[in-house]
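Working through the structure, step by step
Given next are the chains, with one letter for each unit.
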Amino acid sequence: MGFKCGIVGLPNVGKSTLFNALTATAAAEAANYPFCTIEPNVGRVGVPDNRLYELARIAGSGKIIPTQLEFVDIAGLVRGASRGEGLGNQFLGHIREVDAIVHVVRCFEDSDITHVEGEIHPIRDIDIIETELMLADLESLEKRMPALEKKLRLKDPQALIQYPLMERALNLLKEGKPARFVQCAPEEKIELQRLQLITTKPILYVCNVAENEARTGNRFTELVKERAAKEEARSVLISAAIEAEVASLESEEEKVEFLESLGLHETGLARVIREGHSLLNLITFFTIGPKEAHAWTVEKGAKAPQAAGEIHTDFERGFICAETISYEDYVAFQGEQGSKAAGKLRLEGRDYVVQDGDIFHFRFNV
């Protein structure tokens, strides 16, 4: 199950530094984290999860495989991108393919690094990018709606569902508001996603700050935090300079020591990856054994056969049941045998809704 987070931002905000640190970190940890650079601007990274290491320790697993996210460094976004400025069309094509947007916002002052708009103003920067995305969606809807109107007159079932949603989205965009604020019933949300509008994608604001502000933030990051809260989005602090330095260190001890010297307990990248994972409404389940401890990802609300299908399509097709232990029980009773002896191993059927941290052994027959 591939999930992509697109990294966007104005020039000189630290976007590419962040992406390079992400991919360098993943490459450095390739012994534990499967990593590949799919294209020059695409990197796949493991999602940090301490539970996986604890489960591996208990089971004596020989290999650890975390669940993964793809990050795409999307170039070409400047004022006027929706009209083809910069790499406008290429940018819009890339961003429509991602599941969530990681918006890097410059929240540091440095006279040596020119700001494309002349001064540091994170809310203005956010508005520039948001405007370009809204203009792109507006153009997309205006092109698509005439054809849909014809289908509507013919009582096409899909058109009857989609047209009212497109109309609401169009009206909202004309008011200068992103399409993610469209009021819709729960059953309409899937249809809204199918419209593939850029401004319906969830957003994580990444505030890039100076090294000495990575722990506390500053007046700029407070503005971004307030903006994110109003939009029901998320925001995190990060210093791209620190991340680049950490990525260059060879040993884990050196990394920990360096972070502690700055009053930090983990990298900003770890928070970005975790928040990106959470932003996509994903949960994690595990398969644990002596050969490997493996984390897997499903969307919240998925049922046991869907989880089985993440491992192999045959598992879903021939699903019988799932031997299930919660993470808490597995740890408390020190493994599968202890959990089984304590009566904590359950057999769950097709209608079981996967819970975050479940440990599964699937029974299937094909």
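Residues numbered from 1 in each chain as written. Predicted model: local features only at pLDDT ≥ 70, side-chain atom pairs only at ≥ 80, totals over all residues. Heavy atoms only, no water.

1. Describing the packing of helix H8 (residues 240–248) against helix H9 (residues 252–261)
Applied cut-off: Lines fitted to C-alpha atoms define the axes, with helix axes restricted to the stretch in contact, and inter-axis angles between N-to-C directions lie between 0 and 180 degrees. Counting from the N terminus, the helices are the DSSP runs of H or I reaching at least four residues and the strands are the DSSP runs of E reaching at least two. Comment on the angle field: the value is read as roughly parallel under 35 degrees, roughly antiparallel over 145, roughly perpendicular from 65 to 115, and oblique elsewhere. Less than a right angle of anticlockwise turn of the near helix away from the far helix marks a crossing as left-handed, whereas a clockwise turn marks it as right-handed. Here a residue-residue contact requires only that any non-hydrogen atoms of the pair lie within 4.5 Å. Here the term charged refers only to Asp, Glu, Lys and Arg, the term nonpolar to Ala, Val, Leu, Ile, Met, Phe, Trp, Tyr, Cys and Pro, and the term polar to all other amino acids, Gly among them.
It is the contact of H8 with H9, at a shortest axis distance of 9 Å, that shows an interaxial angle of 155 degrees. Taken together, the axes of H8 and H9 are roughly antiparallel relative to one another. Here the hand of the crossing between H8 and H9 comes out right-handed. Between H8, through Ile242, Glu245 and Val246, and H9, the contact on the second element is made entirely by Lys255, Phe258 and Leu259. Of the residues contributing to the contact of H8 with H9, the split by class is four nonpolar, no polar and two charged.

2. Examining the pattern of salt bridges
Counted only if it meets this: Any Lys or Arg side-chain nitrogen located within 4 Å of an Asp or Glu carboxyl oxygen qualifies as a salt bridge. Only protein chains enter the accessibility calculation, which uses a 1.4 Å probe; a residue whose area is less than 20% of its type maximum is buried, one above 50% is exposed, and one in between is partly exposed.
A full pass over the atoms with the stated rule returns 22 salt bridges. A salt bridge links glutamate 54 to arginine 57; the nearest nitrogen and oxygen atoms lie 2.8 Å apart. Residue glutamate 54 and its partner arginine 57 are located together in helix H2 (residues 50–59), separated by three residues, close to a single helical turn. With relative accessibility at 24%, the residue glutamate 54 sits in the partly exposed group. One salt bridge in this structure joins arginine 227 and glutamate 130, with 3.9 Å as the shortest N-O distance. You can see arginine 227 sitting in helix H7 (residues 219–230) and its partner glutamate 130 sitting in helix H4 (residues 122–153), a full 97 residues away along the chain.

3. Structural notes on the environment of alanine 228
Note that alanine 228 resides in helix H7. Given the relative accessible area of 2%, alanine 228 is considered buried. The sequence separation of alanine 228 and isoleucine 203 amounts to 25 residues, and the corresponding C-alpha distance is 8.5 Å. Leave out the neighbours within four places in its chain, and alanine 228 touches Tyr205, Ala233, Arg234 and Ser235.

4. Concerning the packing of aromatic side chains
We count it as follows: Two rings from Phe, Tyr or Trp (for Trp, the six-membered ring) form a pair when their centres sit within 6.5 Å of each other. Planes less than 30 degrees apart are called stacked, planes more than 60 degrees apart edge-to-face, and all others tilted. Working rule: Lys NZ or Arg CZ, within 6 Å of ring centre, within 35 degrees of ring normal, means a charge sits over the ring.
Counted under the stated rule, the structure contains seven aromatic pairs. Look at tyrosine 352 and phenylalanine 360: their rings are 6.3 Å apart centre to centre, the planes differ by 90 degrees, and that puts the pair in the edge-to-face class. With a relative accessible area of 4%, phenylalanine 360 lands in the buried category. Centroid distance phenylalanine 360 to phenylalanine 362: 5.0 Å. Interplanar angle 40 degrees. Geometry classified as tilted. Each residue in the set Phe285, Trp296, Phe319, Tyr352, Phe360 and Phe362 is aromatic and connected to the rest through ring pairs, giving one cluster. Positioned above the aromatic ring of phenylalanine 108, the side-chain terminus of arginine 106 is 4.4 Å from the ring centre. Positioned above the aromatic ring of phenylalanine 181 is the side chain of arginine 180, whose terminal nitrogen or guanidinium carbon lies 5.6 Å from the ring centre.

5. Notes on the pairing of strand E11 (residues 319–325)
In regular strands, side chains alternate between the two faces of the sheet. The criterion, for reference: A pair of strands is labelled paired if DSSP reports no fewer than 2 bridges between them.
Burial analysis of E11 places six of its seven residues in the buried class, the great majority of the element. In this sheet, strand E13 (residues 359–364) lies alongside E11 in antiparallel orientation, the contact comprising six bridges. By the bridge assignment for E13, isoleucine 325 is matched with isoleucine 359. Note: E11 against strand E12 (residues 346–348), three bridges, orientation antiparallel. Note that in E12 the partner of glutamate 323 across the bridge is leucine 347.

6. Looking at the confidence of the model for the chain
Worth spelling out the cut-off: The score called pLDDT rates the predictor's confidence residue by residue, from a low of 0 to a high of 100.
Across the chain, the average pLDDT comes to 86, with 88% of residues at 70 or higher. Per-element mean pLDDT across the chain ranges from 46 in strand E2 (residues 37–39) up to 98 in helix H13 (residues 327–332). Contacts for the low-pLDDT stretch residues 27–38, under 50 throughout, to residues beyond four places or in other chains number 25 contacts.

7. Some words on the nonpolar core
Generally speaking, nonpolar side chains in soluble globular proteins are found buried as a group. Operational definition: Side-chain atoms within 4.5 Å are what join buried Ala, Val, Leu, Ile, Met, Phe, Trp, Tyr and Cys residues into a set we call a nonpolar core.
Membership of the largest hydrophobic core comes to 56 residues, with the highest contact counts inside it found for Ile7, Leu69, Phe71, Ile95, Ile101 and Val206. In terms of residue count, H4 provides more of this core than any other element does, six residues in total. Setting aside residues up to four positions removed in sequence, leucine 69 forms contacts with Phe3, Cys5, Gly43, Arg44, Val45, Val47, Ile273, Gly276, His277, Leu280 and Leu282. The next biggest cluster of nonpolar side chains, apart from the first, holds 18 residues, and it includes Leu138, Leu148, Leu195 and Leu197.

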